[in-house]
Amino acid sequence: MEWYGVEVSDGILELGIEEPRIGDVEIRFIDRKTGEPSAGATRPEYVARHLKNVKPGKALHGRMLDDLNDLINTAGLENANITWNPRRDRKPGSFLVDAVVNVTEKTSAGFSGGGGISAKGLQEGGLSALIANADYFRRNLFGRCQTLTARVEVSPNNLSSKPEIDVKIQHSDPWIGDAGRTSRRIFLDSDSSALDPVYAVAERDDALGDDDAGLTPRGDITDTNLGAGTAAEALGTPTKGVFVKRVSSGVEYRRPLAACWTGSVSATYQRASTHDDLKQPLLHDQYGAPLTFSGLAHDTTCNILMRFVYEGRGKDEAQLVVSADCDDYFAYTRHPAKDLSLIHI
């Protein structure tokens, strides 16, 4: 603020104060290494949409700091600040300051790789203990503040020439551009895991308890319901484990509804299949029980989830989660609710 007049009359001091207002707004990108202005990859309109209180003609307000924090957290920037330049040739009664929004972007892309040893692989021996992974991320995709991440994990298999390959891909958009600040997430995941703890193999007939008197284990698992020509039948080699391969994909939309309230809706598709060590489809366990609900080589499900979350802050810090989801394959609908409250002791 600036004083433009002082009057004293009858012992009363009157101060004339002029409130500055924003003139022009410029978005300037700063190089993160040199600190000098540079060409940015982000489209200026995707920065300006976060600055609700930094617009020409508006008065300076403390909420501008909230706009900057929202810009940094949502748009995935490294830093953002405002530099004020008062106009020297201003007219009396018109106090304008030009705003320069300095934006520093994060690294746009990156790649990393690594490896390790799994505990389960050490028990099996051989190369199955080794795990290799590669990660790739891309920030500010197409200059729209979107993020793309991808991960590939590979582990060899002692009994098969085909390694286990798991892939995870995710694309997120923090703001799709609507007035409700809706965010979107699209994902594709594939995961492989062993079912040995569930479908264990009895080594001897006397290993069965009294409750399993009517069951006849086959020792190692050998599937005989896939018809002639399977690898197990051709080689006469029983399989030694049950594995499940899950491939899931979906999309999720999330947006703030009211003060402390957030809503989200998501749709997920999943395909699960079971196989043996040789990567051959496996439909039955050692006792002849089916491993899939459909009786086919894979099960597919489609799930729709709607969720509402309330998060209190301060003294009333608490969280309330109300959701509803339905599944087309199992034909069920659930309406769970969960309440978490913080108790100060």
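**Student:** Can you break down the nonpolar core residue by residue, with the values?
**Tutor:** Leu51, Val54, Leu71, Ile82 and Val103 are the most contacted members of the largest nonpolar core, which totals 17 residues. Among the secondary structure elements, those contributing two or more residues to this core are β3 (21–30), α1 (44–48), α2 (63–75), β5 (77–86) and β6 (96–105). When residues of this core are assigned to their parent elements, the largest contribution, four residues, is made by α2. Ignoring any residue separated from it by four or fewer positions in sequence, one finds valine 54 in contact with Ile22, Val25, Met64, Asp67, Ile82 and Ala99. Among the nonpolar cores identified, the runner-up in size contains six residues, and Val242, Val244, Ala272 and Leu282 belong to it.

**Student:** An account of the sheet that holds β3 is needed here, citing residue identities and associated values.
**Tutor:** The strands that make up a sheet pair up through hydrogen bonds in the backbone, lying either parallel or antiparallel. Strand order in the open sheet made by the four strands is β4-β3-β6-β5, with mixed pairing throughout. Strand pairing shows two members of the sheet lacking a second neighbour, β4 (37–38) and β5, which therefore form its edges. Where β3 meets β4, two bridges bridge the pair, whose relative direction is antiparallel. Bridged to isoleucine 30 within β4 is proline 37. Contacts from α2 reach β3 and β5, with the element oriented near 150° to β5.

**Student:** Go over the environment of leucine 305, please, and point to the residues and values.
**Tutor:** For leucine 305, the location among the structural elements is in strand β14 (residues 298–312). Taking the relative accessible area as the measure of exposure, leucine 305 reaches 26% and is therefore partly exposed. Along the backbone, leucine 305 and threonine 333 are 28 residues apart, and their C-alpha atoms lie at a distance of 9.8 Å. When sequence neighbours within four positions are dropped, the list of residues in contact with leucine 305 reads Ser264, Val265, Ser266, Ser323, Ala324 and Asp325.

**Student:** Give me the lowdown on α2, citing residues and values where you can.
**Tutor:** For α2, which comprises 13 residues, the first-to-last C-alpha distance of 18 Å matches the rise-based estimate of 18 Å (1.5 Å per residue) to within 8%. Within α2, burial applies to Met64, Asp67, Leu68, Leu71, Thr74 and Ala75. Buried residues of α2, seen end-on, are gathered within an arc of 150° and therefore sit on one face of the element. In α2, the exposed residues that point more than 90 degrees away from the buried face are Leu65 and Asn73. Along its buried surface, α2 packs onto β3, α1 and β5. Where α2 terminates, the next one or two residues include glycine 76, which has phi positive at roughly 70°.

**Student:** How would you summarise the pattern of salt bridges if you had to cite specific residues and measurements?
**Tutor:** Two side chains bearing opposite charge may form a pair once their charged atoms approach each other closely. Within the structure shown, the criterion is met by 13 salt bridges. The salt bridge partner of aspartate 135 is arginine 151, with a shortest N-O separation of 2.9 Å. A residue pair is termed long-range when its members are at least 10 positions apart, and aspartate 135 in strand β8 (residues 130–141) and arginine 151 in strand β9 (residues 146–157) qualify at 16 residues. Classification of aspartate 135 as partly exposed rests on a relative accessible area of 22%.

**Student:** Can you lay out the pairing of strand β13 (residues 261–275) for me, pointing to particular residues and giving the numbers?
**Tutor:** Relative to β13, strand β12 (residues 243–258) is paired through 15 bridges, and the arrangement is antiparallel. Each residue of the ladder has a partner; that of valine 251, found in β13, is alanine 267. Counting the residues that bridge the hairpin from β12 to β13 gives two residues, and of these cysteine 260 lies at a positive phi of roughly 70°.

**Student:** If you had to explain the packing of aromatic side chains to someone new, which residues and values would you point to?
**Tutor:** Going through the model one piece at a time under the given rule, you end up with one aromatic pair. When the centroid spacing of 5.3 Å and the interplanar angle of 50° are considered together, the rings of tryptophan 261 and tyrosine 310 count as tilted. Of this pair, tryptophan 261 sits in strand β13 while tyrosine 310 sits in strand β14, and the two are 49 residues apart along the sequence. By relative accessible area, which is 28% here, tyrosine 310 ends up partly exposed. When the ring centre of tryptophan 175 is taken as reference, the NZ or CZ atom of arginine 181 above it lies at 4.1 Å.

Parameters and conventions
Residues numbered from 1 in each chain as written. Predicted model: local features only at pLDDT ≥ 70, side-chain atom pairs only at ≥ 80, totals over all residues. Heavy atoms only, no water. Core = buried A, V, L, I, M, F, W, Y, C linked by side-chain atoms within 4.5 Å. Buried < 20%, exposed > 50% of the residue type's maximum accessible area, 1.4 Å probe, protein only. Helix = DSSP H or I, 4+ residues; strand = E, 2+ residues; numbered from the N terminus. Contact = heavy atoms within 4.5 Å. Pairing = 2+ DSSP bridges. Axes fitted to C-alpha atoms, helices over the stretch in contact; angles between N-to-C directions. Expected span 1.5 Å × (residues − 1). Arc of directions from axis to C-beta. Salt bridge = Lys/Arg side-chain N within 4 Å of Asp/Glu carboxyl O. Phe/Tyr/Trp six-rings, centres within 6.5 Å; stacked < 30°, edge-to-face > 60°. Lys NZ or Arg CZ within 6 Å of the ring centre and 35° of its normal.

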